Amino acid sequence: MPPRGRVPVWWLRSVRAAAAGTGEGDVVVVHAVAGDERPDRAVVDVADLPPGLATAGRRVGRVTVRAGSLQLLTAELLVEGAPPLVVVERVLRDARPPLAELVAFPYDLVAGRAAAVGARTSPGAVLTARDVARIGLASRDQVGALRWSVGTGQVLEVYVAPAHRRRRVATSLLLAAEGAAAARGWPRLWTGGVRTALGEAVAQRLRWGAAARVAPLTELAPPMTPPGDGVGVPRHHLEPDA
């Protein structure tokens, strides 16, 4: 059972057949539902999504991947209070152990850059490396990133740029990563007991999904915020609440 005040997240998974003649391949679709109708982390396979089934609890996201290649296509999130995001995913299969990471960018910035080169995007879009180069995104444009182990589901790193903290960016990244794992049949996400003081504060505030799978704090890690990144940022974005 998840800790009191924290809500299980389970997933409805279906396969959307490709339109005839498009050559695009089938797409796996997962809907995240926050509620206790199913156990935390459960994945319920359905042939088609019955009307209203995804809203029996609280639907908080929708993630799609390509059935054949498992390429992440979209990560549409309904996290209240969070800004609209666009993400880039990298799966580092040559790493030992293999890793996956999601990097988030603000939708408004990406949409403006895309329009300038005659392209379009939408909240929840997943950009390719070619998209990033064409639009001209750089590391300084990132609002957050998450890295986890593909084989075990352990979250290894979560970072949110100081100016974008306390806006549920970390919650959005965790939900997107959990959806990608559920769609692919990978282990669900969980976190160990080593984290920064700010990370511990975030872990205590999280309510959904991986929030219920956070190991008790065993070791306090040093702060991750580079000194220059905190200039001009409110103190409560850099330190836990007193």
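Structure report, in brief. As the structure is a computational prediction, the values presented were derived from the model and not from experiment.

1. Comments concerning the packing of aromatic side chains
One pass over the full model with this rule turns up zero aromatic pairs. Lying across the ring of Trp10, Arg38 places its NZ or CZ 5.4 Å from the centre. The ring of Trp186 carries the charged tip of Arg184 above its face, separated from the ring centre by 4.6 Å.

2. Comments concerning the nonpolar core
Inside soluble globular proteins, nonpolar side chains tend to come together where they are buried. In this structure, Trp11, Leu72, Leu102, Leu146, Trp148, Leu175 and Leu189 are the most contacted members of the largest nonpolar core, which totals 39 residues. At 11 residues, helix α3 (residues 169–184) tops the list of elements feeding residues into this core. Core analysis: the second largest hydrophobic core is formed by 13 residues, Val86, Ala119, Ala125 and Leu137 among them.

3. Re the pairing of strand β2 (residues 27–34)
The element β2 is extensively covered by neighbouring structure, given that eight of its eight residues are classed as buried. A two-sided burial pattern is seen for β2, the buried positions comprising Val27, Val29, His31 and Val33 on one face and Val28, Val30, Ala32 and Ala34 on the other. Here β2 pairs with strand β4 (residues 58–66) via eight bridges, running antiparallel. Along β4, the bridge assignment pairs Val28 with Val65.

4. As for the sheet that holds strand β9 (residues 144–149)
Sheet architecture is open: six strands sit in the order β8-β6-β7-β9-β10-β11, paired in mixed fashion. Only two strands of the sheet have a single partner each, and these edge strands are β8 (126–127) and β11 (190–191). Pairing of strand β10 (residues 154–160) with β11, which is carried by two bridges, proceeds in the parallel orientation. Across the sheet, Gln154 pairs through a bridge with Trp190, a residue of β11.

5. Re the side chain of Arg195
Its place among the elements puts Arg195 in strand β12 (residues 194–195). Here Arg195 falls in the buried class, since its relative accessible area comes to 12%. Separated by 2.7 Å, the side chain of Arg195 and the backbone oxygen of Ala215 make a polar contact. Those residues in contact with Arg195, other than ones at most four positions away along the chain, are Glu200, Ala203, Val214, Ala215, Pro216, Leu217, Glu219, Leu220 and Ala221.

Reading the values: the criteria
- Residues numbered from 1 in each chain as written.
- Predicted model: local features only at pLDDT ≥ 70, side-chain atom pairs only at ≥ 80, totals over all residues.
- Heavy atoms only, no water.
- Phe/Tyr/Trp six-rings, centres within 6.5 Å; stacked < 30°, edge-to-face > 60°.
- Lys NZ or Arg CZ within 6 Å of the ring centre and 35° of its normal.
- Core = buried A, V, L, I, M, F, W, Y, C linked by side-chain atoms within 4.5 Å.
- Buried < 20%, exposed > 50% of the residue type's maximum accessible area, 1.4 Å probe, protein only.
- Helix = DSSP H or I, 4+ residues; strand = E, 2+ residues; numbered from the N terminus.
- Pairing = 2+ DSSP bridges.
- Polar contact = N/O pair within 3.5 Å; in protein donor to acceptor, adjacent residues only side chain to side chain.
- Contact = heavy atoms within 4.5 Å.

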